[in-house]
Structure formats: C-alpha cells, structure tokens
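A closer look at the structure
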Amino acid sequence: MSADPLSDALAVADARSVFSGGFTAGGSWAIRLRGRDRLKVNAVVRGGCLLVREGGGEPLKLSEGDVVVSDGRQPYVLCSALGVEPLDSDEVTVDPVTCTARLGDGTDEDVVCVSGHIDLSRDSGELLRRALPELIHVRSHAAEAPVLGWLIGQLAEEMTARRAGVEFASDQLAQLMFVQVLRVCLAESEGLPPGWLRALADERLAPALRLMHGDPGHPWQLEELARAAAMSRTTFAVRFKEASGVPPLTYLLNWRMSLAARALRQDATPVAVLARSVGYTSESAFSNAFKRTVGVAPRRYREAARS
C-alpha cells in the first residue's frame, strides 16, 4: 500500500464519484432529494438556497460555491424558502440531453446546482461511511474553496457543452470534488464522528496510521506504534481509541480484513497467499479471523462476490 491512508481507504471502499446532472430554478421552488443509501453531493454553481433536513435540525443557507455531502441515509429538501411544498426528485422532468431539470414558477435562472453521488462497495464502503458526519457543508470561503470552485465550474461547463467524453470527464471531476471535501473534513475535524478519518486528522496519531497502511502485513505491536506517535503505550492507546472508536490493534485487524475483502472481490489470488500479505502465517488463522470480522469464510465470500 501507499502509506497514504486517505487514498487507501478510497481505493479499498471502491469509492467512485458519479456526476448525475443538476437543476436550474427560479421563483418559488423546492425539491426533495434522496441519497438511497449512497453518498449524495450537491454543489451550488450560481445563486443560493436553503437545505432542510427531514430528520430535524436548523436549515442551512447554501451560497454560491458551497458544496454539501450527505451520507444518504436521510432525505433532505433544497428550496427557495421554507414552507414551499417540495417535489420528489422522481417527479421532476429531466432533459435527456443536458441531464438537468427546471424548477420553480419564475422565468429567471436564480439558482444553478450540479449533483452527483459516490458509490461505495457493499462491505468496505462502511469504513468510509462511518467516518463521515451525516452532512458535510463546505462553505465557499473554506481553504479548499478555490479548487472546489474551479471543479464546480468545470462540471457546469461539461453539463452545458456536452462535448465528446462528457460522462468520463464529469465522473473524474466529481471524484476530485469528493477528495477535496474529505480534505476539508481533515482540516476541520472537530465535527467528525470517531473513525479512521478523525484519527488521520490527529497529527500525533497520523504517523502510526501511515505505518499500518504502508505495511499492513507487518506484525505491528502497540509499543512500535506508540513510539512512532512519540507517546507512551497507554497514552497512545487511549488517544487512538477516542479518535478512531476502536483500539489500535483492532483498527489494524479491520484494515487487514478490508484489504483482504477487496482482493477477494477483485482478483484470483490464492487465499494462502492473501493470508501472508496481510500478516497471517497460516491460511486457517486468516480464515478464522476473516470469518469473525466479516461473517463468512474467505472462499465463500469470494464465491458470493463473483455470483
């Protein structure tokens, strides 16, 4: 692995950002968006609107250049003002050429938004999902805003021009947008739930994480990891669990099983070889650990993934 935990987690989760279109709106309007258990991304290209979470909470005011990422578990409404009855996204007519919809009773284009989602693997995707808050709001004045603003503009241009390769280009731009959003999370980690992303944001813990990701097959001991973080074993263990939600060696076990699950889904590496690559000296020891963590034996997991 690369010793870059953020890239590693995105790869193991099979994270893939997909641009799905957008809308223009004028006058009075509201639309209900459902993530359908996928991470949902909305970016405001022009104008502003309100975001209302149906699970409760104060409405968020979105301005030009803002980006929001939802964990997809709860629907939310984008609207011109509170009290407007929202259309469900399935009820909106989408232009098949531009993949955009027109909302509202006004003739002007007061608001322009682009949308997308992030698909995650059925298993390791939880590694990424659990590390994120319910809703991420990246404001236009954030440190990453200039890059995000450029990416949003390029997405809007691709949506409008519809040149050859538009789908591929839009997907790559959406992927870069998501990476920038995660970087904002790392810079503003106070709102993150316990998980690997919050642990990575802790500069004292990051060296230990990089060791585990850089060489997951090494028989890491608590003392080695604590030494990399320049802490005592006890201080390191307590701080790591507070940040990540699990003890250091449990994190290592979960990470090894995530790597193994991805390999089982994607290639034909023999289980015995795979076991050694993630630090197990015997196939049986690896199989037992995998079954305890994932719920099924490695060979059965591979068969189910391929079917």
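Here's what I pulled together on the structure shown here. (Residues numbered from 1 in each chain as written. Predicted model: local features only at pLDDT ≥ 70, side-chain atom pairs only at ≥ 80, totals over all residues. Heavy atoms only, no water.)

**Points about the overall build of the protein**
Of the regular secondary structure elements, the protein holds twelve helices and eleven strands. For 307 residues, the compact-globule formula gives about 19 Å, and the C-alpha radius of gyration of the protein, at 22 Å, lands near that figure. Counting only C-alpha atoms and orienting by the principal axes, one finds that the protein spans roughly 70 × 45 × 35 Å. Of all 307 residues assigned to the protein, the portion counted as buried reaches 48%. Of the roughly 14600 Å² that the protein leaves accessible, carbon and sulfur atoms contribute 50%. Averaging the locations of the 35 positively and 38 negatively charged side chains of the protein gives two centres separated by 9 Å. (Helix = DSSP H or I, 4+ residues; strand = E, 2+ residues; numbered from the N terminus. Rg over C-alpha atoms; globule rule 2.2 N^0.38 Å. Buried < 20%, exposed > 50% of the residue type's maximum accessible area, 1.4 Å probe, protein only. Areas by Shrake-Rupley, 256 points an atom, 1.4 Å probe, with all protein chains shown as cover. Lys, Arg positive; Asp, Glu negative; His and termini not counted. Charge placed at Lys NZ, Arg CZ, Asp CG, Glu CD.)

**Observations regarding the nonpolar core**
Judged by nonpolar contacts, the single largest core of 68 residues is most densely connected at Val67, Met177, Phe178, Trp196, Leu197, Phe236 and Phe286. With nine residues, helix 9 (residues 248-266) is the largest single contributor of residues to this core. The contact partners of phenylalanine 178, leaving out residues within four places of it in the chain, are Leu10, Ser17, Leu39, Val69, Ile118, Leu128 and Leu132. (Core = buried A, V, L, I, M, F, W, Y, C linked by side-chain atoms within 4.5 Å. Contact = heavy atoms within 4.5 Å.)

**Concerning the environment of valine 273**
Relative to the assigned elements, valine 273 resides in helix 10 (residues 271-277). Between the C-alpha atoms of valine 273 and tryptophan 196, which are 77 residues apart in sequence, the distance is 27 Å.

**Considerations on helix 6 (residues 206-214)**
Residues of helix 6 that are buried include every one of Ala206, Ala208, Leu209, Met212 and His213, and no others. Down the axis, helix 6 shows its buried residues gathered within 160 degrees of arc, on one side only. If you follow the buried residues of helix 6, they end up packed against helix 1 (5-12), helix 5 (196-201), helix 7 (222-228), helix 8 (233-244) and helix 9. (Arc of directions from axis to C-beta.)

**Re the pattern of salt bridges**
Under the definition given, this model contains five salt bridges. Across the salt bridge formed by arginine 32 and glutamate 54, the nearest N and O atoms sit 2.5 Å from each other. With arginine 32 in strand 2 (residues 30-33) and glutamate 54 in the loop between strand 4 (49-53) and strand 5 (60-62), this residue pair connects regions lying 22 residues apart in the sequence. Taking the relative accessible area as the measure of exposure, arginine 32 reaches 18% and is therefore buried. Notably, a salt bridge pairs aspartate 267 with arginine 302, separated by 3.9 Å at the nearest N-O pair. One end of the pair, aspartate 267, is in the loop between helix 9 and helix 10; the other, arginine 302, is in helix 12 (residues 298-306), and 35 residues separate them in sequence. Judged by relative accessible area, aspartate 267 falls into the partly exposed class, the value being 30%. (Salt bridge = Lys/Arg side-chain N within 4 Å of Asp/Glu carboxyl O.)

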